[in-house]
Amino acid sequence: MVLSNATNAVKIFTEDMPLEDSLPTIYLEGSLILLVSLIGLICNFLSFLVMIRHRTFRNSFGYLTAYHALSNAAVLFIFLVWAVPWTILPIPQQLHSLNFRIGQLSLFFVETAFHCCLCMSVNRFIAITFPMQYRQIFSDKITSIIIVFVTIISALYWGVYFWKGCDFYFDHKYRAWSFGSDSCSVWLSHHIDMGYNVCLFLLVGLIDFATLLQLRSMTKTIILPYLVAKIFWDRHHCVMIPLLGTSDA
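From a predicted model like this one, the values you see are computed outputs, not experimental measurements. (Residues numbered from 1 in each chain as written. Predicted model: local features only at pLDDT ≥ 70, side-chain atom pairs only at ≥ 80, totals over all residues. Heavy atoms only, no water.)

All right, on to the pairing of strand S1 (residues 168–171) then. Here S1 pairs with strand S2 (residues 176–179) via four bridges, running antiparallel. Among the inter-strand pairings, Tyr169 is bridged to a residue of S2, identified as Ser178. The hairpin formed by S1 and S2 contains four residues between the paired strands, and Arg175 there has a positive phi angle of roughly 55 degrees. (Pairing = 2+ DSSP bridges. Helix = DSSP H or I, 4+ residues; strand = E, 2+ residues; numbered from the N terminus.)

As a further point, take the layout of surface pockets. In this structure, the largest pocket encloses a volume near 180 Å³. When residues of the lining of the largest pocket are traced back to their parent elements, those giving at least two are helix H4 (96–129) and S1. (1 Å grid on protein atoms, 1.4 Å probe; cavity = no way out; pocket = protein on both sides within 12 Å on 5 of 7 lines; lining within 4 Å. Points joined across faces, edges and corners; volume = space filled by probe spheres on them.)

With that out of the way, let us pick up the UniProt feature "transmembrane region" (unreviewed entry) in the protein chain. Under the present numbering, the feature "transmembrane region" (unreviewed entry) in UniProt falls on residues 26–52, 64–88, 108–130, 142–163 and 195–215. The span residues 26–52 is 100% helical and 0% strand by assignment, and the distance between its end C-alpha atoms comes to 39 Å. Secondary structure content for residues 195–215 is 100% helix and 0% strand, and the end C-alpha separation is 30 Å. (UniProt positions renumbered as here; feature names shortened; annotations may be inferred.)

Below, the discussion takes up the pattern of salt bridges. Per the counting criterion, the structure on display carries two salt bridges. One salt bridge connects Arg175 with Glu29, and the closest N-O pair in it is separated by 2.5 Å. With Arg175 in the loop between S1 and S2 and Glu29 in helix H2 (residues 23–53), this pair connects stretches of sequence that are 146 residues apart. A salt bridge links Arg124 to Asp208; its shortest N-O distance comes to 3.1 Å. Taken together, the residues Arg124 in helix H4 and Asp208 in helix H7 (residues 183–248) connect sequence positions 84 residues apart. Look at Arg124 and you get partly exposed, because its relative accessible area is 29%. (Salt bridge = Lys/Arg side-chain N within 4 Å of Asp/Glu carboxyl O. Buried < 20%, exposed > 50% of the residue type's maximum accessible area, 1.4 Å probe, protein only.)

Our focus in this paragraph is the side chain of Glu111. Its place among the elements puts Glu111 in helix H4. For Glu111, which is buried and forms no salt bridge, the nearest opposite charge comes from Arg101, at a distance of 16 Å. In contact with Glu111, not counting residues within four places along its chain, are Ser154, Tyr157, Tyr196 and Asn197. (Lys, Arg positive; Asp, Glu negative; His and termini not counted. Contact = heavy atoms within 4.5 Å.)

Where the model shows low pLDDT, its predicted coordinates should not be examined in detail. Across the protein chain, the average pLDDT comes to 84, with 80% of residues at 70 or higher. Taken element by element, the predicted model of the protein chain shows its lowest mean pLDDT in helix H1 (residues 2–16) (41) and its highest in helix H3 (residues 60–88) (96). Below a pLDDT of 50 lies the segment residues 1–15, which in the model reaches zero contacts outside its immediate sequence neighbourhood of four places, other chains included. Across residues 238–249 the pLDDT falls below 50, and counting only partners more than four positions away or on other chains, this stretch makes zero contacts in the model. (pLDDT = per-residue confidence, 0-100.)

Moving on, we get to the state of the cysteines. A covalent bond between the sulfur atoms of two cysteines is what we call a disulfide. Using the criterion set out here, one finds one disulfide in the structure. The disulfide partner of Cys166 is Cys184, and the S-S distance across this bridge is 1.6 Å. Between Cys166 and Cys184, the S-S dihedral sits near 90 degrees, and the bridge is therefore right-handed. Of the two residues, Cys166 sits in the loop between helix H6 (140–160) and S1 while Cys184 sits in helix H7, which places them 18 residues apart along the sequence. (Disulfide = S-S within 2.5 Å.)

Even without being glycine, Arg175 reaches a positive phi, approximately 55 degrees. Overall, the relative accessible area of 15% leaves Arg175 in the buried class.

What follows covers a nonpolar patch on the surface. Together, Leu105, Trp158, Phe162 and Trp163 give the surface a local cluster of nonpolar side chains, amounting to about 440 Å² of exposed area. With respect to the element layout, Trp158 can be found in helix H6. In this structure Trp158 comes out as partly exposed when scored by relative accessible area, which is 31%. (Patch = residues over 30% accessible without salt bridge, like charges linked within 9 Å, V, L, I, M, F, W, Y side chains within 5 Å. Areas by Shrake-Rupley, 256 points an atom, 1.4 Å probe, with all protein chains shown as cover.)

Let us now look at H2. Taking 1.5 Å per residue, 31 residues should reach 45 Å; H2 reaches 44 Å between its end C-alpha atoms and fits that length. The complete set of buried residues in H2 reads Ile26, Gly30, Ser37, Gly40, Leu41, Asn44, Phe48 and Met51. The inward-facing, buried residues of H2 contact H3. (Expected span 1.5 Å × (residues − 1).)

Here's what the structure looks like:
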């Protein structure tokens with residue numbers, strides 16, 4: 001009986017504890033995070049600059065895309081300056097409190113990026129389905145309200161993590177971002193991070209699929225009359241050529 005309990009205890013202990021990886025593996029993980037974060041940061045920041053500086057993108061879709069790119073760049077910057085070093089090195093005790101705040105800040109930008117995806121999908125759908133009303137529906141004023149609303153929603157979610165027991169941080173042992181083990185953290189991880197965000201992306205996918213169907217329908221509407229006219233012209237042209245030849249003879 002004692003041996004059985006001891007075996008179970010050892011099994012539970014080994015399952016719960018992360019396996020120690022070799023230093024080359026840890027350095028490889030840190031290097032990959034560094035590479036992906038740096039490339040993504042540069043691409044998203046350049047996209048942000050293009051969107052705000054080029055006159056072509058000074059419209060609702062351009063502003064939403066710029067905010068989305070800026071949010072992505074902020075998340076990747078946090079990965080670059082925080083996740084990369086603490087993937088390789090253990091986090092000092094005096095930085096544990098800052099670790100929670102950095103994780104909290106990363107969630108703010110993650111949520112702004114996710115909600116921008118939804119707004120961009122709706123924007124595309126309206127532009128394709130109701131092109132004549134697009135400028136009225138997504139005017140500069142409405143776009144500003146949308147951006148402020150997205151920021152407020154993300155800030156409210158960010159503010160929840162000031163409550164005790166609601167934690168999100170970078171875990172050096174697992175070398176990944178992790179929620180705390182308290183009930184508040186578990187609830188947020190299940191209902192918001194997984195449930196709400198998954199539903200959000202399903203909605204984005206449905207809207208984009210509807211936009212794709214609308215594009216196909218519009219393409220058929222435009223191409224079909226053109227094909228009919230072309231066939232009629234080709235047949236008429238083929239008939240006229242022999243007639244012209246007979247007349248000349």
